[in-house]
Amino acid sequence: MAVQDGRVLFSEGPVQAVSIVFSVRKSVLSMMYGKYVANGTIDLDRTLAELGIDDVGGLLPIERQARLRDLLAARSGVYHPAANGGDDSAAAPPRGSQAPGSYFLYNNWDFNAAGTAFERLTGLGIYQAFSQDLAAPLQLEDFDPARHARTGNARRSRHLAYPFYLSTRDMARLGYLMLRQGNWRGQQLVPPDWIGQITRETTPSSQMHPPHTARRGFGYGYLWWLLEEPSDSPLHGAYMAWGVHGQYILVVPKRELVIAHKRQVPVGDDWNPSWVGPVAFLRAARMLAAAPCRERERGRPGIDKGTV
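Conventions we followed
Residues numbered from 1 in each chain as written. Predicted model: local features only at pLDDT ≥ 70, side-chain atom pairs only at ≥ 80, totals over all residues. Heavy atoms only, no water. Salt bridge = Lys/Arg side-chain N within 4 Å of Asp/Glu carboxyl O. Helix = DSSP H or I, 4+ residues; strand = E, 2+ residues; numbered from the N terminus. Buried < 20%, exposed > 50% of the residue type's maximum accessible area, 1.4 Å probe, protein only. Contact = heavy atoms within 4.5 Å. Core = buried A, V, L, I, M, F, W, Y, C linked by side-chain atoms within 4.5 Å. Pairing = 2+ DSSP bridges. Axes fitted to C-alpha atoms, helices over the stretch in contact; angles between N-to-C directions.

*Asks:* Quick question: what am I supposed to make of the pattern of salt bridges here?
*Replies:* Where charged atoms of side chains with opposite charge meet at close range, the side chains can pair. Summed over all chains, the structure comprises eleven salt bridges. In this structure, the salt-bridge partner of Asp45 is Arg69, at a minimum N-O distance of 2.8 Å. Taken together, the residues span a long stretch of sequence, with Asp45 in the loop between α1 (24-38) and α2 (48-51) and Arg69 in helix α3 (residues 68-72) at a distance of 24 residues. Arg169 is paired through a salt bridge with Glu141; the nearest N and O atoms lie 3.7 Å apart. Residue Arg169 is located in helix α6 (residues 168-179), and its partner Glu141 is located in the loop between α5 (126-138) and β5 (165-167); the two are separated by 28 residues in the primary sequence. Classification of Arg169 by relative accessible area gives buried; the value is 17%. When its relative accessible area of 34% is taken as the criterion, Glu141 is described as partly exposed. What emerges from the salt-bridge pattern is a single network uniting Asp45, Arg67, Arg69 and Asp70.

*Asks:* Looking at this structure, how should I read the environment of Arg25?
*Replies:* Mapped onto the secondary structure, Arg25 falls in helix α1. Judged by its relative accessible area of 4%, Arg25 is buried. In contact with Arg25, not counting residues within four places along its chain, are Asn84, Asn108, Asn112, Ala161, Tyr162, Pro163 and Phe164.

*Asks:* How should the nonpolar core be read in this particular structure?
*Replies:* Soluble globular proteins: nonpolar side chains tend toward being buried together. Counting residues in hydrophobic clusters, the biggest one holds 91 residues, and the most contacted among them are Tyr33, Phe130, Leu134, Phe164 and Leu250. Look past the residues within four positions of Phe130 in its chain and what remains in contact with it is Val28, Met32, Ala135, Leu140, Phe143, Phe164, Leu166 and Leu174.

*Asks:* Even after reading the chapter, I still don't get the pairing of strand β12 (residues 247-252), so can you show me in this structure?
*Replies:* For a regular strand, the rule is simple: side chains alternate between the two faces of the sheet. Among the six residues of β12, six are classified as buried, and the element is accordingly described as predominantly covered. Bridging between strand β11 (residues 239-243) and β12 involves five bridges; their strand directions are antiparallel. When the sheet's bridge partners are listed, Trp242 is paired in β12 with Tyr248. Between β11 and β12, which pair antiparallel in sequence order, lie three residues; one of them, His245, sits at a positive phi of approximately 80 degrees. Here β12 pairs with strand β13 (residues 257-261) via five bridges, running antiparallel. Across the sheet, residue Leu250 finds its bridge partner in β13, namely Ile259.

*Asks:* Mind showing me how you'd approach the sheet that holds β13 here?
*Replies:* Paired through their backbone hydrogen bonds, the strands of a sheet run either parallel or antiparallel. Ordered in space as β2-β1-β13-β12-β11-β10-β9, the seven strands form an open sheet in which the pairing is antiparallel. Two strands in the sheet have a free side with no partner beyond their single neighbour: β2 (7-10) and β9 (218-220). Across the sheet, the mean angle separating the axes of adjacent strands is 25 degrees when strand polarity is ignored. Helix-sheet contacts for helix α9 (residues 278-290) involve β1 (2-4), β2, β9, β10 (225-227), β11, β12 and β13, and the interaxial angle to β13 is about 145 degrees.

Interpretation in functional terms is not warranted from these geometric data alone.
Spelled out as structure tokens, the structure:
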């Protein structure tokens, strides 16, 4: 689904179908942080030691000096096993070898512990907070809180993953909220300063580890991937949530455009179906972003009217 100027420009497939969106969950959590950072409930400079965050077998003293903002930037220096896979932890340097904040590694331990910290500091479960802070005011059509629970191997780590199950049209609304600087129909759901902070480059691709991550050509903010496109590209300044197999929320401020794409997983009992990788997705996204049309027809569905 592509949305421009608040209206559906292009839609294909069962955009109402709900399925897991994998690492898109991390960008959603980043959005949720904003309200509580702004009101002082969450202080990003508090360390794991100050927050009382530890793990199975114990964290090293240097690891416990990582700040909450280091977790959001994937720069904690904590290489404790995570409760779930799907990251670059196999390429992690030895534990205790990297000072917090100094080294980027896409590591689910960071992201899961950021979820634990959110719950501990706000007193709200992740799905409870999402339901009241985003899903309800956005009028998400397909979100079901009863389907959601934190998961993972608690013997490996106390900090479990927080999978999300979303439809493509609800993903588009989340992206449109980002495009509109956190404002939905006059209600400020995410502070605009926070939108700017989480989509500001903390790590350029050249500083990423391992090498295959650097070669992708994406920077990283706070749980959002940032496209490193030249100034004449239609995707210049764009950023995205990205989940394995082909889950994307791409925000293109230059074109006032949001593109949501989801590869439904599993297919039957197959949890490893064919992928829609970022090269293929962004090729299509560039075509949409470069198209000379702007949807302004009256009567077309609006993403903020409860009809998408």
